[in-house]
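What follows is the residue order along each chain.
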Amino acid sequence: MLDVVTDCFGSGRRLCLVGRVGLEPGLGDLGEALADCFVRWQEALAGALHRGGRPTSAAEALAEDLLVAIQGAPILARARDEPAVLARTIARLRRAGA
């Protein structure tokens, strides 16, 4: 999964749709759809982590941490013009066993 994240964000050079427009106020149905997407993504991650042997509460917490890192690292990398932020984040996630 972490390799896909790295590829998706161009090794820290690209932002996702959510990073570009998803946080704008007044999105209505689009905003709700994006929120639902994050809920489903977190649930899927937590489920996979739980199936991998983590207790439910730990899986849910790690899933949230993963989403924060996966979405936040590309934004920080782009804002700083420092693509290596994403690589460092992915390396930390790997060391944490994510």
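Details of the structure are given in the entry above.
Just so you know, these numbers come straight off a predicted model, no measurement behind them. Positions within a chain are numbered from 1, following the residues in the order the chain's sequence is written. It should be noted that, the model being predicted, local features are given only for residues of pLDDT at least 70 and side-chain atom pairs only at 80 or more, the latter also being counted only at that level, while totals for whole chains, interfaces and linings use all residues. Note that the side-chain values use all heavy atoms of the structure and ignore hydrogens as well as water.

Peer 1: I would appreciate a short explanation of the nonpolar core in the present structure.
Peer 2: One broad rule of soluble globular proteins: the nonpolar side chains tend to lie buried together. Each nonpolar core is a collection of buried residues, namely Ala, Val, Leu, Ile, Met, Phe, Trp, Tyr and Cys, held together in the definition by side-chain atoms within 4.5 Å. For the exposure calls, accessible area comes from a 1.4 Å probe over protein chains only, and a residue counts as buried if that area is under 20% of its type's maximum, exposed if over 50%, partly exposed in between. Judged by nonpolar contacts, the single largest core of 16 residues is most densely connected at L45, L49, A63, L66 and L93. Secondary structure is summarised from DSSP: a helix means a run of H or I of at least four residues, a strand means a run of E of at least two, and numbering begins at the N terminus for each. Secondary structure elements with two or more residues in this core: α3 (29-51), α4 (56-80) and α5 (84-95). Top contributing element to this core by residue count: α4, with nine residues.

Peer 1: Is there a simple way to think about the packing of α3 against α4 in this case?
Peer 2: Packed helix pairs are specified by the crossing angle of their axes together with the interaxial distance, meaning the distance between the axes. For the pair α3 and α4, interaxial distance at closest approach is 8 Å and the crossing angle is 130°. Considering their axes alone, α3 and α4 lie oblique with respect to each other. Regarding α3 and α4, the two cross each other, and that crossing is right-handed. Of the residues in α4, those touching α3 at F38, W41, Q42, L45, A46, L49 and H50 are T56, A59, E60, L62, A63, E64, L66, L67, I70 and Q71. Ten residue types, Ala, Val, Leu, Ile, Met, Phe, Trp, Tyr, Cys and Pro, are classed as nonpolar, four, Asp, Glu, Lys and Arg, as charged, and the remainder, Gly among them, as polar. Counted by class, the contact of α3 with α4 contains 11 nonpolar, four polar and two charged residues. Lines fitted to C-alpha atoms define the axes here, with helix axes fitted over just the stretch in contact, and angles between the N-to-C directions of these axes take values from 0 to 180 degrees. Just so you know how the angles are binned, under 35 degrees is roughly parallel, over 145 roughly antiparallel, 65 to 115 roughly perpendicular, and the rest oblique. Take the far helix as your reference; a near helix turned counterclockwise from it by less than a right angle gives a left-handed crossing, and one turned clockwise gives a right-handed crossing. Should any heavy atoms of two residues lie within 4.5 Å, those residues are considered in contact.

Peer 1: In this structure, what is going on with the side chain of T89? I would like to understand it.
Peer 2: Examined against the element boundaries, T89 turns out to sit in helix α5. Residue T89 is classed as buried on the basis of its relative accessible area, which comes to 10%. Ignoring anything within four residues of it in the chain, the contact list for T89 reads A69 and A73.

Peer 1: Looking at this model, I keep getting lost on α5. Mind explaining?
Peer 2: Because the α-helix completes a turn every 3.6 residues, residues three or four places apart line up on one side. Here a helix's expected span is defined as the number of its residues, less one, multiplied by 1.5 Å. In this model, α5 (12 residues) spans 17 Å end to end at C-alpha, consistent with the 16 Å of a helix rising 1.5 Å per residue. Listing the buried residues of α5 in full gives V85, L86, T89, I90 and L93. Projected onto a plane normal to the axis of α5, the buried residues spread over an arc of 130° and lie on a single side. Phi turns positive one or two residues past the end of α5, at G97, with a value near 85°. For this quantity, the arc is that covered by the directions from the helix axis to the C-beta atoms.

Peer 1: What am I meant to see in the pattern of salt bridges here?
Peer 2: Should the charged atoms of two oppositely charged side chains come close, the side chains can pair. The term salt bridge refers to a pairing of a side-chain nitrogen on Lys or Arg with a carboxyl oxygen on Asp or Glu at a separation within 4 Å. Tallying each qualifying case throughout the model produces three salt bridges. One salt bridge in this structure joins R40 and D36, with 2.8 Å as the shortest N-O distance. Separated by four residues within a single helix, R40 and D36 lie in helix α3, roughly one turn from each other. R80 is paired through a salt bridge with E82; the nearest N and O atoms lie 3.5 Å apart. Three or more residues joined by partner-sharing salt bridges are found here, namely R80, E82 and R88.

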